[in-house]
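# Coordinate inspection notes
Spelled out, the chains give:
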Amino acid sequence: MTEKVRAAVRVAPGTTEMREFDRPEIDADSALLKVEVAGICGTDVKLYSNPPTSPATQGPVIMGHENVGVIAEAGEKFLQRHNVAIGDRVFLEHYVGCFNCEWCRIGEYRHCEATDWRTNADARRFGYTSADFPGTLWGGFSEYMYLPWNAVMHKIPATITAEQAGLVMPLSNGIEWALLTAGIGYQDTVLIQGPGQQGLSQLVAAKQAGAAKVIMSGTTRDKRRFDLARQLGADEVIDVLTEDPREKIMDLTDGRGLDVVLDCTSRAGTAPVLLGIDVLKRREGTLLIQGELAAFPDFPVKQVTEKAITIKSARGHSFKACELAVAQLASGRYPLEMLATHRYGIDQVDHAIRVLAGETDEDAIHISMMPELIGQPGGAVR
């Protein structure tokens, strides 16, 4: 194992440099992960162009929070605590909780302040934390990552490849939001807005849960994604630029409306939420939102209260959702490998993020960043 580690480092908004760091010293309570795949999602797009201003995220940052790799070096206490061995392939969650607060004690470490960079200047979170903090290698766009005692991992079965395991994060979010948060179940009618990696993952979760009808909406540029949505089980698709979505939804539901609407759009403004409120059933539908609009002018509170709509927020994933995602991948029931559309070396992070942001003519759903591809051309897998 070399003494130096290469990593892609965000040094300013929209700017990445390849740098070398000393390999961290590993004690009895820590480990070193050899990174195989680090996925890119919409959050990376936002954090790249507009980095967080928290002290915990300032300075050089190695991004990459959807990480899969093998345990390369570890202390004895670390191996015992996590029930892993050298050479095990694991999916690494990005939360780094304290495991002492009330949230951690009930298993909801994603809400722990120790990993919340928004409120804690000393927070730790993989893909967000500055390389100036002890351990240095806090992100997946690197050859290796530093794992403290409180890292959270999930073992990956040998039947799942590293690139497939890179889908655990978006799939776990889909399961968390559609199944565990929105409560989609047998015979429900569902609208999923946005056929990206999160929306397609929610589609799989909804079909697995027994939804009777799942509708996927998007725009004209999403034709290829609509085709994939159909392969994953979507009953109908709607192009909101060429069709009247409200009219079509009401026609598909015989005028009843929907049980659940999941908003998984990006940079679409208030329109998806307004449509969701409008097309939910007469009473007690559920609207799940994950957008981060700073303001929502003229929000239709009266309509929400009259229809007794429950609005829930989509925030991350739980341990259970990750375990279910691993099991879903291992089952082979859905062709989920089709979501992994592009791969690049970590020396191409800047380009890869811009691809996912839609700044090129490539249509990427999920991008796999792979250290082993440093110096090689990247692009579409299929």
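Details of the structure are given in the entry above.
Here we summarise the structure given alongside this text. Here the structure is a predicted model, which is why all the values come from computation and not from measurement. (Residues numbered from 1 in each chain as written. Predicted model: local features only at pLDDT ≥ 70, side-chain atom pairs only at ≥ 80, totals over all residues. Heavy atoms only, no water.)

## Some words on the overall build of the protein
- Counting its secondary structure elements, the protein contains 12 helices and 16 strands.
- The C-alpha radius of gyration of the protein comes to 21 Å, within 12% of the 21 Å expected for a compact globule of 382 residues.
- In terms of its C-alpha atoms, the protein occupies a principal-axis envelope of roughly 65 × 45 × 40 Å.
- Expressed as a percentage of its 382 residues, the buried residues of the protein come to 56%.
- Of the contacts formed within the protein by residues at least 6 apart in sequence, a portion of 70% connects residues at least 24 apart.
- Carbon together with sulfur atoms contributes 49% to the accessible area of the protein, which is approximately 16100 Å² in total.
- Charged side chains in the protein number 39 positive and 50 negative. The centres of these two groups are separated by 4 Å. (Helix = DSSP H or I, 4+ residues; strand = E, 2+ residues; numbered from the N terminus. Rg over C-alpha atoms; globule rule 2.2 N^0.38 Å. Buried < 20%, exposed > 50% of the residue type's maximum accessible area, 1.4 Å probe, protein only. Contact = heavy atoms within 4.5 Å. Areas by Shrake-Rupley, 256 points an atom, 1.4 Å probe, with all protein chains shown as cover. Lys, Arg positive; Asp, Glu negative; His and termini not counted. Charge placed at Lys NZ, Arg CZ, Asp CG, Glu CD.)

## Here's the deal with the sheet that holds strand 13 (residues 310-313)
- With respect to topology, 6 strands assemble into an open sheet ordered 10-9-8-11-12-13, the strand pairing being parallel. Looking at strand neighbours, the two that pair on one side only are strand 10 (236-239) and strand 13, the edges of this open sheet. Across the sheet, the axes of successive neighbouring strands diverge by a mean angle of 15°, strand direction being ignored.
- Note that strand 8 (residues 189-193) and strand 11 (residues 260-263) share 4 bridges and pair parallel. Counterpart to Ile-192 in the pairing with strand 11 is Leu-262.
- Packed onto the sheet, helix 8 (residues 245-252) meets strand 8, strand 9 (213-218) and strand 10 and runs at close to 165° relative to strand 10. (Pairing = 2+ DSSP bridges. Axes fitted to C-alpha atoms, helices over the stretch in contact; angles between N-to-C directions.)

## Some thoughts on the environment of Gly-139
- You can see Gly-139 is positioned in the loop between helix 3 (102-105) and strand 6 (144-147).
- Classification of Gly-139 by relative accessible area gives buried; the value is 0%.
- Beyond its immediate stretch of four places on either side in the chain, Gly-139 contacts Ile-62, Met-63, Gly-64, Gly-127, Tyr-144 and Met-145.

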